[in-house]
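# Remarks on the overall topology
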Amino acid sequence: MTQFLPATFSLVAAAAMLIAGCSPSHPDAPRRSKAPFGSVDGKEVFLYTLRNNAGMEARITNYGGIVVSLLVPDKSNTPGDIVLGYDSLSSYLKATPYFGAIVGRYGNRIGRAHFTLDGKEYTLNANDGPNTLHGGLKGFDKVVWDADESTPATKASLTLSYLSKDGEEGYPGNLKATVVYTVTDSNELRIDYAATTDKPTVLNLTHHSYFNLAGAGNGDILSHELMLNADKFTPIDSGLITTGELKPVEGTPMDFRTPTAIGARIAAKDDQLRFGRGYDHNWVLNRTGEGLSLAARVTEKTSGRVMEVWTTQPGIQFYSGNFLDGTNIGKGGKPYAYRTGFCLETQHFPDSPNKPSFPSTVLRPGENFTSTTVYKFSAR
Ligand code: GLA
């Protein structure tokens, strides 16, 4: 694997590393490296490795901002890869249910592929029956992002940016999106999103990793215990479009306020579970203030791994991998069968552009959109 060192880093830091014996925990040791991963649309694609000094490592490509692998220690301090994905770029190009990707311009569904903003109607590309899902035919998960290699390689972070042109997929405005991935020394994968636009538009950026805390390809996720910090969720209709209501979870299989196995009630006779073919819903987070607030906690007993999700966003999509069917052959040749990964996608509520009572997803010229989500790992 080749490593790049920005010009400002090279001489002084290299000398410091020589003195320090190149110890990976030394503050000047590189925490980011780079290897070729192929090319798309005539643009080179790379696989970046971010590592901290506590046993965590993320490999991320600038194609779709995809987290290709995420090594996290288990209770015996053995690292394991806990996200579903592929070994090669060509597999991502062939077919992927958004494995590990950055999703935009609008994550989740926009009903009937249209919305009205400031009295003007916009028609989007439909890619999910009559609806638009995860940005449309060629969303942010399918484009090559620019990686800013001028940021110091002594930090385990990767800055990606993408200019989505006015009219792309039907959305108005040139939207400049920036996503910074950081692997912190407290075993967190932190994602900072930012965006600006030159015309009013709608925006909902999220991250679509499929997690399996027992290790990618190691069985289903039904015995993982989930806590969702939410008293309400947004019910869907049979086309998986939010109805506009906020419904209390109390007394329903959507109540994860106390930790419950994902599989405990997934087969219950319930219209919402029937429409979603399992869990595929947005929960309305119980928030305190505007900063990062705990959204979810997942524990897996055999590995002892625990994942917490903290976010500044108002909602979270919990998706139980209901569309996985074993046809995606993942890393190491392992097929990803039904419900062998789950997603926790922090977000604004699905179909907000058509639901005036939901928190607004409108971004206007002059405004700076920012949001942060942290996936925090530990083991016990
Ligand atoms: C999201 C959606 C699901 C499904 C997956 C990708 O989580 O809510 O319905 O489309 O993405 O397969």
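These figures come from a predicted structure and were not determined experimentally. (Residues numbered from 1 in each chain as written. Predicted model: local features only at pLDDT ≥ 70, side-chain atom pairs only at ≥ 80, totals over all residues. Heavy atoms only, no water.)

Of all residues adjacent to the ligand, which total 13 residues, the nearest are Arg109, His134, His208, Asp280 and Glu345. Take aspartate 280: an N or O atom from its side chain is 2.4 Å from an oxygen atom of the ligand. Within the contact set of the ligand, an oxygen atom lies 2.8 Å away from a side-chain nitrogen or oxygen of glutamate 345. For the ligand, whose accessible area on its own is 300 Å², the fraction buried by protein is 95%. Taken together, the residues that form the shell around the ligand break down as 6 nonpolar, 4 polar and 3 charged. (Near = heavy atom within 4 Å. Polar contact = N/O pair within 3.5 Å; in protein donor to acceptor, adjacent residues only side chain to side chain. Areas by Shrake-Rupley, 256 points an atom, 1.4 Å probe, with all protein chains shown as cover. Nonpolar A, V, L, I, M, F, W, Y, C, P; charged D, E, K, R; others polar.)

In this section: the packing of aromatic side chains. According to the stated counting rule, one finds 22 aromatic pairs in the structure shown. Ring centres of phenylalanine 99 and tyrosine 210 lie 5.1 Å apart, and the angle between their planes is 80°; on these two criteria the pair is classed as edge-to-face. In this pair, phenylalanine 99 is assigned in the loop between helix H2 (89-94) and strand S6 (101-103) and tyrosine 210 in the loop between strand S16 (206-208) and strand S17 (225-228), connecting sequence segments 111 residues apart. Note on tyrosine 210: relative accessible area 1%, which makes it buried. Geometrically, the ring pair formed by tryptophan 283 and phenylalanine 318 is tilted, given 5.9 Å between the ring centres and 50° between the ring planes. Taken together, the residues span a long stretch of sequence, with tryptophan 283 in strand S21 (residues 280-284) and phenylalanine 318 in strand S24 (residues 315-319) at a distance of 35 residues. Take tryptophan 283: its relative accessible area is 0%, and that puts it in the buried class. Feature note: the residues Tyr86, Tyr92, Phe99, Tyr210, Tyr319, Phe323 and Tyr336 constitute an aromatic cluster, connected by ring pairs. (Phe/Tyr/Trp six-rings, centres within 6.5 Å; stacked < 30°, edge-to-face > 60°. Helix = DSSP H or I, 4+ residues; strand = E, 2+ residues; numbered from the N terminus. Buried < 20%, exposed > 50% of the residue type's maximum accessible area, 1.4 Å probe, protein only.)

Read from one edge of the open sheet, 5 strands run S19-S18-S21-S24-S25, paired in antiparallel fashion. Where the open sheet ends on each side, the last strands, each with one partner, are strand S19 (247-248) and strand S25 (343-347). (Pairing = 2+ DSSP bridges.)

Where strands meet in a sheet, backbone hydrogen bonds hold them as pairs that are either parallel or antiparallel. Overall, antiparallel pairing links the 9 strands, which are arranged S11-S12-S13-S14-S27-S23-S22-S17-S20 in an open sheet. Here the strands that pair on one side only, and so sit at the sheet edges, are strand S11 (146-147) and strand S20 (260-261). Here strand S22 (residues 293-299) runs beside strand S23 (residues 305-311); their pairing, made up of 6 bridges, is antiparallel. Bridge assignment links alanine 296 to a residue of S23, and that residue is valine 309.

Per-residue pLDDT for the protein averages 94, and the proportion of residues at 70 or more is 93%. In this model, residues 1-22 is a region of pLDDT below 50 whose contacts with residues beyond four sequence positions or in other chains number 33 contacts. (pLDDT = per-residue confidence, 0-100. Contact = heavy atoms within 4.5 Å.)

Its place among the elements puts histidine 224 in the loop between S16 and S17. Looking at histidine 224, its side chain comes within polar contact range of the main-chain nitrogen of leucine 213, at 2.9 Å. The residues touching histidine 224, leaving out its near neighbours within four places in the chain, are Asn212, Leu213, Ala214, Thr260, Ala261, Ile262, Val298, Thr299, Glu300 and Phe342.

Right, let's talk about the nonpolar core for a bit. Formed by 59 residues in total, the largest nonpolar core has its most connected members in Leu70, Tyr181, Trp283, Met307, Phe318, Leu344 and Phe377. Per element, the largest residue contribution to this core is 5 residues, and it comes from strand S13 (residues 175-183). Counting 20 residues, the second-largest nonpolar core is a separate cluster that includes Val68, Tyr86, Ala216 and Leu324. (Core = buried A, V, L, I, M, F, W, Y, C linked by side-chain atoms within 4.5 Å.)

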